[in-house]
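Spelled out, the chains give:
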Amino acid sequence: MKFSIIVPTYNSGKTIQRTIQSVLNQTVEDWELIVIDDNSSDETLNIVNSFSDSRIKVIRKNNRFGVSDSRNRGIAASQGEFLSFLDSDDTWLPNFLEIASINISKGRLWIFSNYHVVNYNNEITESRVVRAGEYNYNDLLTSGNPIGMLTAVISRQIVGDTRFVDGGHEDYKFWIDISRKGISVWNVGEYTAKYLLRADSLSANKVKSFVWTVNILKSESDNLFQTISRTIRYVLNTVQRRT
C-alpha cells in the first residue's frame with residue numbers, strides 16, 4: 001500500500017462526510033484511510049461508518065486524549081509507505097495523491113503544497129502560498145511553519161520513531177524534529193487542498209498561535225537575539241503567505 005491517510009476526529013459530524021468524500025474522489029486509489037475518533041458525542045461515527053469502502057478503518061477511543069495522541073495512534077496502525085494527515089474539516093482536491101505520486105517518483109520523500117482557505121459554504125476566501133522549492137531545518141525556523149498539515153506527504157522511513165507531542169503547534173514541532181535529522185521538505189508549488197477556517201478560531205487562537213510559535217522558536221534558538229530574529233521573520237512570512 002502506498003498511502004496511509006490519518007484523520008483525527010472529535011464531534012466532526014458537520015464536516016467529516018465532505019472530508020472522506022474528498023479522499024474517495026482521488027484519482028489515485030492505492031490508499032487506506034484511518035479515522036481516529038477522540039470519543040465523539042455527536043453523529044461523527046455514524047457518518048464515518050455509513051461509508052462501505054473497505055479502505056476506511058476506524059479507531060475509537062473511549063476517552064479524550066487529544067489530536068497528538070490520535071495522530072500517533074494513526075501512525076502506529078498505518079501500513080502505507082507514505083503518511084499524510086488530513087483533519088476532519090479539511091478536504092483535498094481530486095489530484096492531491098496524483099501530484100504526490102509524481103513528486104515521489106522524482107525522489108522527493110517529503111512534500112507539501114499551497115492550499116485554499118474556505119468558509120462553510122466551500123467558498124474560497126483566501127489562499128496560503130509560500131515559495132516553491134526545498135526547505136531545510138533552518139528554513140523551517142526562519143519561515144515560521146510553511147507546511148500546511150493538510151498538504152503534507154512524508155515517507156514512513158523518514159518519520160521513523162518521531163511522534164507528535166502535546167504543547168501547541170504539535171505539527172510545527174513534528175516537522176522541526178524531522179528536519180533536524182538533516183532531511184529537507186519540498187513545496188511542490190501547486191494548490192492541492194482546502195482548509196476550513198472555522199468561525200470560532202478567528203480571534204483568540206491567533207494570539208495562542210503566536211505564543212506557541214515563539215515558544216518553539218525559543219526552544220530551538222541559542223540566544224535571545226536569534227529568537228527575536230526568527231520571530232520577526234515568522235511574522236513577515238505569515239503576512240506574505242496570505243493572498
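The preceding data block contains the structure.
None of these values were measured; they are calculated from a predicted model.

Q: Can you walk me through the overall build of the protein chain in this structure?
A: Looking only at helices and strands, one finds 9 helices and 10 strands in the protein chain. Over its C-alpha trace the protein chain gives a radius of gyration of 17 Å, about what one expects of a compact globule, namely 18 Å for 243 residues. Looking at the 243 residues of the protein chain, the share that counts as buried comes to 51%. If you take every contact in the protein chain between residues at least 6 apart in sequence, the share linking residues at least 24 apart comes to 78%. Surface accessibility of the protein chain: about 11,500 Å² in total, with carbon and sulfur atoms responsible for 49%. Here the protein chain contributes 28 positively and 27 negatively charged side chains, and the mean placements of these two sets differ by 4 Å.

Q: Please explain helix 1 (residues 16-24) as it appears in this structure.
A: Since the α-helix turns once every 3.6 residues, residues separated by three or four places project in the same direction. Ile-16, Thr-19, Ile-20, Ser-22 and Val-23 are the residues of helix 1 that are buried. Seen from one end, helix 1 has its buried residues packed into an arc of 155°, which puts them on one side. In this fold, the buried residues of helix 1 make contact with strand 1 (3-9), strand 2 (31-37), helix 2 (44-49), strand 3 (56-60) and strand 5 (91-92).

Q: I tried to follow the pattern of salt bridges on my own but got confused; where do I start?
A: One pass over the structure, following the stated rule, counts 11 salt bridges. Note that Asp-177 and Lys-173 form a salt bridge whose closest N and O atoms lie 2.9 Å from each other. Taken as a pair, Asp-177 and Lys-173 lie in helix 7 (residues 170-179) at a separation of 4 residues, close to a single helical turn. Exposure remark for Asp-177: the relative accessible area of 14% places this residue in the buried category.

Q: Looking at this structure, how should I read the packing of aromatic side chains?
A: The relative placement of two aromatic rings is captured by the distance of their centres and the angle of their planes. Evaluated as defined, the whole model comprises 9 aromatic pairs. Seen from their ring centres, Phe-85 and Phe-164 are 5.3 Å apart, and the 80° between their planes marks the pair as edge-to-face. Of this pair, Phe-85 sits in strand 4 (residues 82-85) while Phe-164 sits in the loop between helix 6 (156-159) and helix 7; the two residues are 79 residues apart in sequence, bridging distant segments of the chain. In this structure Phe-164 comes out as buried when scored by relative accessible area, which is 5%. Each ring, one from Phe-164 and one from Phe-174, has its centre 3.9 Å from the other, and the planes form 15°; the classification is stacked.

Q: I keep staring at the pairing of strand 7 (residues 124-128) and nothing clicks. Help me out?
A: One face of the sheet, then the other: side chains in a regular strand alternate in exactly this way. Inspection of the sheet shows strand 6 (residues 110-118) paired to strand 7 by 4 bridges, in the antiparallel sense. Bridging across to strand 7, Val-118 finds its partner in Ile-124. Where strand 6 folds back onto strand 7 in an antiparallel hairpin, the turn is made up of 5 residues, including Asn-122, whose phi is positive at roughly 65°.

Q: Would you explain helix 4 (residues 96-105) in this entry?
A: Burial analysis of helix 4 places 7 of its 10 residues in the buried class, the great majority of the element. Phi for Gly-107, located one or two positions after helix 4, is positive at around 90°.

Q: Quick question: what am I supposed to make of the environment of Phe-65 here?
A: For Phe-65, the location among the structural elements is in the loop between strand 3 and helix 3 (67-77). The exposure class assigned to Phe-65 is partly exposed, which follows from its relative accessible area of 46%.

What counts and how
- Residues numbered from 1 in each chain as written.
- Predicted model: local features only at pLDDT ≥ 70, side-chain atom pairs only at ≥ 80, totals over all residues.
- Heavy atoms only, no water.
- Helix = DSSP H or I, 4+ residues; strand = E, 2+ residues; numbered from the N terminus.
- Rg over C-alpha atoms; globule rule 2.2 N^0.38 Å.
- Buried < 20%, exposed > 50% of the residue type's maximum accessible area, 1.4 Å probe, protein only.
- Contact = heavy atoms within 4.5 Å.
- Areas by Shrake-Rupley, 256 points an atom, 1.4 Å probe, with all protein chains shown as cover.
- Lys, Arg positive; Asp, Glu negative; His and termini not counted.
- Charge placed at Lys NZ, Arg CZ, Asp CG, Glu CD.
- Arc of directions from axis to C-beta.
- Salt bridge = Lys/Arg side-chain N within 4 Å of Asp/Glu carboxyl O.
- Phe/Tyr/Trp six-rings, centres within 6.5 Å; stacked < 30°, edge-to-face > 60°.
- Pairing = 2+ DSSP bridges.

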